Amino acid sequence: MELVNLKDSTERVSFAQAVKQGIGKNQGLFFMEHITPFSAAEVNELLGLDFVTRSQKVLRHLIGKDEMPNLETIVADAFNFDLKLAPADQNTYCLQLFLGPTLAFKDFGARFMARVLSSIIGDSKCTILTATSGDTGAAVAAAFYQQPKINVVVMYPQGMISPLQESLIATLGDNIHAVEIKAPFDSCQDLVKTAFDDASLRQEVGLNSANSINISRLLAQVCYYFEAVAQLPVEKRNKVVFAVPCGNFGNITAGLIAKALGLQARFVIACNANDTVPRYLQSGKWEPHQTVATISNAMDISRPNNWPRVEALCKMMGWSLSDFDFGSVDDETTRENMRKLYKESGYITEPHAAVAHKVLTDSLKDGEVGIFLGTAHPAKFKEEVDKTLGIDLPLPQALEERCRLPLQKKVMDADFAQLKSYMLDDLKL
């Protein structure tokens, strides 16, 4: 598999090198220049397989036969938990991606990346530096916890993730180092980019990133779009519409890769008040605003890293950005939709899925089957869910146990000099 730096087309790397390196020169993202689609017959055959077997075939097709000889074993080990397509109301289903170890969709990409990276680093030093707006950090922390030769630094914005998300990040200890930044998520993301631009730091600690910048995370997520369609009755598979709650735009990029591979589906971009992309699609002007804190906090990103990949993929496939349906939903509308779903069908959803469901129902056409992505277990947002729906949602046992553990974290300003000193001197990475 050859990947090209979207900012410097002279930099071309293998899949393994892209995973180890994380990001390219000038902070460029690695991406494919070509995608060979499956035939319609091959897609139908894939949809008849179980999730793990199908995922092995999809990822082998993307990565190629000459790389990662242990890929099939890695996939089987990484994807060892369930996912479920659940009816939400009369016209829509929720793809429940929150049945893994940290109860969020990020478990798929994080576990796959951890196992890929562990198999290719050899004796090299490796430090994962990642920024999270909520679920990524928890999934990465769990996936890499006590992995030999790998240290992890997870940065998250102070006061902008839920207490449960923080507990999943900052209670592990060992090789997992939680850093609370006194600034919004975009500042955390900027610190990651600055760190990768520092050649001496990169070399000293063997820097890598585990957010959706890393191509391995992205490719793992392609697999569950096929599974969603496979769980539908055969007669409903021809007019599928996915609504994806978008923050950093990695999740929808993965869905569009599945579409490029031949999965028949339409995609809808669902944002909260951080609506840079919806405004861009309307006006043609890229004008990020200051990040706004919302109840769907994992989507509180005003400068999404993965948008260049979306544009590159559209150019590759001859798709027009004007073909996207999209929408943005404020907090009160999100709460209204949570209440509406619960009242009408008894379905309990958290804010991110509620945003996607609202945008989906606003854009769904006659005869279409709607699937919105449930990216986190409602219990991860228990305070908001309880208050909005007037219920007392029980915590899954795994969350309840983690919430009782003390937090182990470092608090600092959004200052790269502080971060660099912490990584080089305090942690002794």
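- Looking up the protein in an unreviewed UniProt entry gives the name Threonine synthase, with the organism given as Candidatus Anaerobiospirillum pullicola.
- Heading Cofactor (unreviewed entry) of the UniProt record for the protein holds this comment: "pyridoxal 5'-phosphate".
- UniProt, in its Sequence similarities (unreviewed entry) section for the protein, records the words "Belongs to the threonine synthase family."

1. Some words on the packing of helix 4 (residues 71-78) against helix 5 (residues 106-120)
- Packing of helix 4 against helix 5 leaves a shortest axis separation of 9 Å and a crossing angle of 140°. Classed by the angle they form, the pair helix 4 and helix 5 counts as oblique. Crossing of helix 4 over helix 5 shows right-handed handedness. The residues of helix 5 that touch helix 4, namely those facing Leu71, Ile74, Val75, Asp77 and Ala78, are Arg111, Phe112, Arg115, Val116 and Ser119.
- Its residues assigned to classes, the contact of helix 4 with helix 5 shows six nonpolar, one polar and three charged.

2. A look at the sheet that holds strand 5 (residues 92-96)
- In space, the six strands of this open sheet follow the order 4-5-13-10-11-12, with mixed pairing throughout. Every interior strand has two partners, whereas the edge strands, strand 4 (84-87) and strand 12 (325-328), have only one. Adjacent strand axes in the sheet meet at a mean angle of 25°, parallel and antiparallel pairs treated alike.
- As paired strands, strand 10 (residues 240-245) and strand 13 (residues 369-374) are joined by four bridges and run parallel to one another. Directly across from Phe242, in strand 13, lies its bridge partner Ile371.
- Seen against the sheet, helix 10 (residues 215-230) touches strand 4, strand 5, strand 10, strand 11 (266-271) and strand 13 and runs at an angle of roughly 135° to strand 10.
- Where helix 12 (residues 276-283) meets the sheet, it contacts strand 11 and strand 12, and its direction lies at approximately 130° from that of strand 12.

3. Brief notes about the sheet that holds strand 14 (residues 409-412)
- Taken in spatial order, the five strands make up an open sheet running 9-6-7-8-14, and their pairing is parallel. Of all the strands in the sheet, just strand 9 (207-208) and strand 14 have a single pairing partner and so form its edges.
- Of the pairings in the sheet, the one linking strand 8 (residues 176-181) to strand 14 comprises four bridges and is parallel in character. Looking across to strand 14, one finds that Ile181 is bridged to Met412.
- The sheet strands contacting helix 18 (residues 416-426) are strand 6 (126-131), strand 7 (150-157), strand 8, strand 9 and strand 14, and the helix crosses strand 14 at an angle near 145°.

4. Thoughts on the side chain of Glu350
- Mapped onto the elements, Glu350 comes out in the loop between helix 14 (331-345) and helix 15 (351-363).
- Looking at Glu350, its side chain comes within polar contact range of the main-chain nitrogen of Ala353, at 2.9 Å.
- Residues contacting Glu350, with those up to four places away along its chain left out, are Met338, Thr375, Ala376, His377, Pro378, Phe381 and Val385.

5. Brief notes about the UniProt feature "domain: Threonine synthase N-terminal" (unreviewed entry) in the protein
- The feature "domain: Threonine synthase N-terminal" (unreviewed entry), as given by UniProt, occupies residues 8-79 in the numbering adopted here.
- Segment residues 8-79 splits into 50% helix and 12% strand. End C-alpha atoms: 34 Å apart.

6. Quick notes on helix 6 (residues 135-144)
- Counting buried residues along helix 6, nine of its 10 residues qualify, which places the element largely inside the surrounding structure.
- Among the residues making up helix 6, those that are buried are Asp135, Thr136, Gly137, Ala138, Ala139, Val140, Ala141, Ala143 and Phe144.

Conventions and cut-offs
Residues numbered from 1 in each chain as written. Predicted model: local features only at pLDDT ≥ 70, side-chain atom pairs only at ≥ 80, totals over all residues. Heavy atoms only, no water. UniProt positions renumbered as here; feature names shortened; annotations may be inferred. Axes fitted to C-alpha atoms, helices over the stretch in contact; angles between N-to-C directions. Helix = DSSP H or I, 4+ residues; strand = E, 2+ residues; numbered from the N terminus. Parallel < 35°, antiparallel > 145°, perpendicular 65-115°, else oblique. Left-handed = near helix turned anticlockwise from the far one by under 90°. Contact = heavy atoms within 4.5 Å. Nonpolar A, V, L, I, M, F, W, Y, C, P; charged D, E, K, R; others polar. Pairing = 2+ DSSP bridges. Polar contact = N/O pair within 3.5 Å; in protein donor to acceptor, adjacent residues only side chain to side chain. Buried < 20%, exposed > 50% of the residue type's maximum accessible area, 1.4 Å probe, protein only.

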